[in-house]
Every structure is written in structure tokens, then in C-alpha cells.
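Structural overview
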Amino acid sequence: MKPVDTLTGYLMGVAAVAAGSYIFFYSIPFSIIAGAIAGFFSIKLYRKSLLKKRQRRLLLQFKDLLESINNSYAAGKNTPDAFLGAYNDLQMQYGETSDIVKEVAIINAGIQNNYNIEELLLDLGDRSGLEDITNFSDVFEVSNRLGGNLKQVVSESYDMIRDKIDIELEINTIVASGRNDLNIMAALPFLVVLMMKATSDSTGTNILDIGAKIIGIVLIGIAYLIGLKMTKIKI
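As the structure is a computational prediction, the values presented were derived from the model and not from experiment. (Residues numbered from 1 in each chain as written. Predicted model: local features only at pLDDT ≥ 70, side-chain atom pairs only at ≥ 80, totals over all residues. Heavy atoms only, no water.)

Observations regarding the overall build of the chain
Across its full length, the chain carries eight helices and zero strands. Taken over the C-alpha trace, the chain has a radius of gyration of 25 Å; the compact-globule value for 235 residues is 18 Å, which it surpasses by more than 25%. A principal-axis box enclosing the C-alpha atoms of the chain has dimensions of 80 × 35 × 30 Å. Burial status across the chain gives 34% buried among its 235 residues. Sequence separation of 24 or more characterises 64% of the internal contacts of the chain that already satisfy a separation of 6 or more. (Helix = DSSP H or I, 4+ residues; strand = E, 2+ residues; numbered from the N terminus. Rg over C-alpha atoms; globule rule 2.2 N^0.38 Å. Buried < 20%, exposed > 50% of the residue type's maximum accessible area, 1.4 Å probe, protein only. Contact = heavy atoms within 4.5 Å.)

Regarding the layout of surface pockets
Any space left empty among the atoms is revealed by the rolling of a water-sized probe across them. Of the volumes computed, that of the second largest pocket is approximately 490 Å³. Along the walls of the second largest pocket sit 17 residues, with Leu-50, Leu-51, Arg-54, Gln-55 and Asp-99 positioned nearest its centre. Contributions of two or more residues to the lining of the second largest pocket are made by helix 2 (28-74), helix 4 (99-112) and helix 5 (117-128). Sort the elements by how many residues they give to the lining of the second largest pocket and helix 2 lands first, with eight residues. Among the residues making up the lining of the second largest pocket, the classes are represented as five nonpolar, two polar and ten charged. (1 Å grid on protein atoms, 1.4 Å probe; cavity = no way out; pocket = protein on both sides within 12 Å on 5 of 7 lines; lining within 4 Å. Points joined across faces, edges and corners; volume = space filled by probe spheres on them. Nonpolar A, V, L, I, M, F, W, Y, C, P; charged D, E, K, R; others polar.)

This is a description of form; function is not addressed.
What follows is the structure, given as C-alpha cells:
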């Protein structure tokens, strides 16, 4: 992550935990300490979130790469020319700073320096952490070395990735309302406590009250994590 991303992840954790701690325990020093500690853990969560978004974006771009290569094969071009054409297509579509354009530029440079195209694609699959790209690279390697039908391999891989993305979009649309309800239910206890504090003079600082609040926060966190697991469907 860039320094600004690390700082953003840290501040998000600090703000969320500090606000929640203050609502429950009504103590500024404790809220600041809790938020400062939680910020370090939120960096990892924020990094994971950014990684998923970047992988998702790369997979969509990789689908367009396969479509461009498939069209080049249909026009009778060989593999090096197909990747050169794909670079131009993707550059116009996504710009030079996009991940897929940078990756195709690496592949084209490798081809010009006599690297095997299979090794370049396998390297992309390993670095991306995406199963679809890794599987395509493996099949492409076998087909290219054994003289298989590369046009068919690319075409079928494109169709599979496209269908998978369409199904994921439909699933995300279905479970979106459930995730919104989950977020509302997770925030509701904090709103209730805040309203109770606004209408009551009691600060609730005895040991039993503090213990009950800690247990309540833990249960809310566990329930929220279970809810996320239930709404997360992987294809």
C-alpha cells in the first residue's frame, strides 16, 4: 500500500473504534487509547479490502484482454501480434496507468526479449493471486507447448470468466439488501445507547455496567462477522 493508503486505513479504524468506545464508556482517554490501538488492526482490514477491489478490477480487465486476443486470433494473427493488438485496445479503453495495460506491456517486452509467453502468463497469474488467471495460464502453457488450439482455449476461457462475472453480479445484487440490513443492525445498538445517554443523567461507570457493555460489544462483533460470512458467496 502507499503511505496515504496506510494512513487512511489507520484513521478509519481510529475514528470508528474511538466513536464506539466513547458512546459505550463515555471516557475520552479510554476512547483515544482504544482507537489508537485498533487503528493498527484496521490497516490490515483496509489492505484486504483494497486488494479485493483491485483483484476484482483486474479480473474484469483480464476478461477484456481475452476478448481482444480472441478477436485477433479470429482475424488470423499469431500470439505476439495478438498481444500487441490487445495492448493498443486496452490502452484506449483503460489508459496507460491501469493494471492490465502495465501487465500486457510487461508481456510484450518479455516476448521481444525472447521470453516464453507461457512463463510470462504464469508469472502474471502468480502475482495477481487470481485463480481464473492462473488456470488460464496453465491451460495456455499446455496448449502452446503441445500444439493445441489456442483460439479455442482463449475463447472458452473468455466465455467462462464472462459467465462467472455475470453470475457474481447477480448474486451481489440479491444479497446487497441483506448486507445493508446487517450494517443497520450492527449500528443500531450504538444508536440506542447514544439515545439513552442523551435522555439520562447516569453515566453507567460501575463495574457490572462496564462488564455488560464489553460483553455486548463482543457479541455485536461476533454476530457481525457471522453475518458477513453468511452473505459472502464465492463461485
